[in-house]
Amino acid sequence: MILSGKNEENTSMEKAKQCLIAVLLGVFLTTTVLSGCGQSKKEVSQKGNHLTVYLWENRLMKNIAPYIQKQFPDQDIEFITGNNDTDLYSYFEEHGELPDIITVRRFSGADAQDLQPYLMDFCSYDVVSKYYSYALQYYKNSEDEIQWLPICGIPQTLIANKTLFDQYGIKIPKNYREYAQACQQFYDNGIKPYILDLAEDWSTQEVIQAGAIGEFTSLDGIKWRSSAESSADNIKFDAALWKRILSQTSTFLKDSHFTKDDISVDITTATETFLEGKAAMFHGYPALIQEFQKQMDAELIRIPFFSQTSDEAFINMTPSLNIAFNKDLEKNPEKLDIALDVLDCMISEEGQKRIADGSGVISLNTDVPTMMKDVSGLEKEIQDNSVYIRYSAQKSFAASLKVVYGLLSGEMDEEKAYDTLCSVMNSKATGEKTTVNFEHEYSILLNDKNGRDAASSILTTVRNENNIQLALAPYYYFTSSIYEGECSSNRVALMTAKNSDTPLYLAKINGKQVYELVGNYLADFDSDFYVTNKYELPIASGMKIIVKDKENGFSLKGIAVNEKKIDKEKEYSILLTDITMSILKKLYPECEITQLKDTTLSSAWAAAMSKGQQPSAPEDYIEVEK
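Residues numbered from 1 in each chain as written. Predicted model: local features only at pLDDT ≥ 70, side-chain atom pairs only at ≥ 80, totals over all residues. Heavy atoms only, no water.

Break down helix α13 (residues 333-346) for me, with residues and values.
Taking 1.5 Å of rise per residue, 14 residues should cover 20 Å, and α13 covers 20 Å from first to last C-alpha, within 8% of that figure. Judged by how many residues are buried, α13 sits mostly within the fold: 11 of 14 residues are covered. When α13 is considered as a whole, its buried residues turn out to be K335, L336, I338, A339, L340, D341, V342, L343, D344, C345 and M346. (Helix = DSSP H or I, 4+ residues; strand = E, 2+ residues; numbered from the N terminus. Expected span 1.5 Å × (residues − 1). Buried < 20%, exposed > 50% of the residue type's maximum accessible area, 1.4 Å probe, protein only.)

Kindly report on unusual backbone geometry, identifying the contributing residues and their values.
Within the chain, N450 stands out as a residue other than glycine whose phi angle is a positive 70°. Among the secondary structure elements, N450 is positioned in the loop between β13 (434-438) and α18 (453-465). Despite not being glycine, N562 shows a phi value in the positive range, around 55°. Within the fold, N562 resides in the loop between β19 (553-561) and β20 (564-565). For N562, a relative accessible area of 69% translates into the label exposed.

Residue-level account of a negative patch on the surface, with values.
The grouping of E97, E439, E441 and E484 at the surface amounts to a negative patch. Tracing the sequence through the fold places E439 in the loop between β13 and α18. (Patch = residues over 30% accessible without salt bridge, like charges linked within 9 Å, V, L, I, M, F, W, Y side chains within 5 Å. Areas by Shrake-Rupley, 256 points an atom, 1.4 Å probe, with all protein chains shown as cover. Salt bridge = Lys/Arg side-chain N within 4 Å of Asp/Glu carboxyl O. Lys, Arg positive; Asp, Glu negative; His and termini not counted. Charge placed at Lys NZ, Arg CZ, Asp CG, Glu CD.)

Tell me about the sheet that holds strand β16 (residues 503-510), and please be specific about residues and values.
What the five strands build is an open sheet, ordered β17-β14-β21-β16-β22; its pairing is mixed. Both outer strands of the open sheet, β17 (539-541) and β22 (593-600), are each paired with one neighbouring strand and no more. If you compare each strand with its neighbour and ignore which way they point, the axes differ by 20° on average. Where strand β14 (residues 470-473) meets β17, three bridges bridge the pair, whose relative direction is antiparallel. Each bridged residue has a counterpart across the sheet, and for A471 the counterpart in β17 is S541. Along the sheet, α18 makes contact with β14, β16, β17 and β21 (571-576), crossing β17 at roughly 40°. Across the sheet, helix α22 (residues 601-609) touches β16 and β22, and the angle it forms with β22 is around 60°. (Pairing = 2+ DSSP bridges. Axes fitted to C-alpha atoms, helices over the stretch in contact; angles between N-to-C directions. Contact = heavy atoms within 4.5 Å.)

How would you explain the pairing of β14 if you had to name every residue and give the values?
Side chains of β14 alternate between two faces, with L470 and L472 and A471 and A473 buried alike. By the bridge criterion, three bridges tie β14 to β21 in an arrangement that is parallel. The partner of L472 across the bridge, within β21, is L576.

Go over the pairing of strand β18 (residues 544-550), please, and point to the residues and values.
Strand residues, when the strand is regular, have side chains that alternate between the two faces of the sheet. Pairing analysis gives seven bridges linking β18 to β19, with the strands arranged antiparallel. Directly across from D549, in β19, lies its bridge partner F554. With antiparallel pairing between neighbouring strands as the criterion, β18 and β19 make up a hairpin whose turn holds two residues.

Quick rundown of the sheet that holds β19? Include the residues and the values.
Taken in spatial order, the four strands of this open sheet run β20-β19-β18-β23, and their pairing is mixed. Looking at which strands have only one partner, the edges of the open sheet turn out to be β20 and β23 (622-625). On top of the sheet, helix α20 (residues 511-522) reaches β18 and β19; it is set at about 155° to β19, its chief contact.

Tell me about the nonpolar core, and name the residues and values.
Ranked by internal contacts, the top residues of the largest apolar core, which has 138 residues, are I151, F325, F478 and M543. Sorting elements by how many residues they give to this core places α13 first, with eight residues. Ignoring anything within four residues of it in the chain, the contact list for F478 reads I80, T81, I444, A455, I458, L459, A473, M495, I539 and L601. In this structure, F165, I191, Y194 and W224 belong to the second largest nonpolar core, which totals 57 residues. (Core = buried A, V, L, I, M, F, W, Y, C linked by side-chain atoms within 4.5 Å.)

A description of the state of the cysteines should follow, citing residues and the corresponding values.
Enumeration over the complete set of coordinates arrives at zero disulfides. Cysteine C152 remains unbridged, with the sulfur of C345 as its closest cysteine sulfur at 13 Å. For C152, a relative accessible area of 0% gives the class buried. (Disulfide = S-S within 2.5 Å.)

Laid out in structure tokens, this is it:
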């Protein structure tokens, strides 16, 4: 984080500020580029070390996982989709199954307190020396250890429709005063100044931090943040600081002309409003503005977030992911070397581009130069290192949602908003009601037939609940083992990929079409997805698929239903997810496919378990022949 002084007349504070800024100089100035993953290939292990890597969303499974596997084709690395919640890994650890490598995006040190005894300290390893100091200042825990590392940053800014600004003769703002003036001018002309998806908690959280960014980057803000990140108990709030923050949040909402009607605006509505030219500004990352530019007959530009306490402006940076290692890796140096190779791949130039989904990446690795050269409009902020790292404690999202809604609805003044924020942030987890008492335990890891019992149980449960004969889904929608014993509704929900959930679809097709659907799923049929190793084999239900393991992939050898060869003339109902639906649609464009309204894989699974019933037993759904 770069500092922003709001009391410029205070000489001593200004000197302290300059000292801190000096520590951060040199960011983005390095010109050394990593070659490949940044180090030579190691000799392949002969001990069959199996490394489990949890990535917090499906996009990473498609972007970074294949790249790492290509770099280390002879290493046994299994990528599994996780969730953006450290409680998933607490659930694993409580059952003695903490993965080797874990990642989340929403993270603060306080969120991971219960995992602290089980995570490795990176301070003893060279990887820490590759990071800029400013990137790690909030990653030290109360024991002065660094157990989590950010991989790279994505710049979050305002996206402005410059064509609309020019059309109404409105000046592109260079500071907060000009921003407020521009919003008023658009409002007077019947144009919504700023559309924001305030129905989403990430946007309400951004409103507070971006609206009062000058306070968060002040010395008081930095001091509070350091304390909050390393807090082992209640987070202590600086009342004076936070009342200023909430006052500026309220001002930002009013100046932007948000009203209580904006509370219900979701991401789809906000996006459509901006794309249709009905709003002058939106927000987003470089990849989003590139996508919008292709769809709009208008010139789009980036605008940083402005401090209300000075003329400074900042990029609001979001780490693409935060990563931690299981401490047990240190018991196996050879396996630890593989894990460090994976990490080195992630922080390489190519790795960061894949993780951040584009070239607009703020590199935190001193060996990788800035990847912001093609991201125009932020040159001054990059040159001045005016980068603010988003605070993303889990409870801060719920707290922000309540506070922003309260301010917009008029139910809260700034004093009540402060009390509410403190209360939510320091709320204790109540004894959550047990949803189900699992009688059996099923693993998410591959069994000896290359099937995943937990995934099979979940998919079969959902299929049976909908009275459908067959089902086919990618492996990456299933995240967790099912452990014997009591399980809360929150942890039931974490067993499927909430962050990249999928709608469910129903089709009625004959056995020949089922065969072609499965066969094409296994083949290099879709540029967005194809099976490259045994860990990526699909999850089937109601049928058993027999596949042939070839040198360069897998091919379908047969399908059995009720232990008999599938009848290619018979019609079957089949449950599909987004990918399997899209493959069927490409194969048979005329095929009638119905979406199960308001139902996703995650919601269907959670709804079934909310009844207190036992999940369906796993099926013997796959057989791999050599």
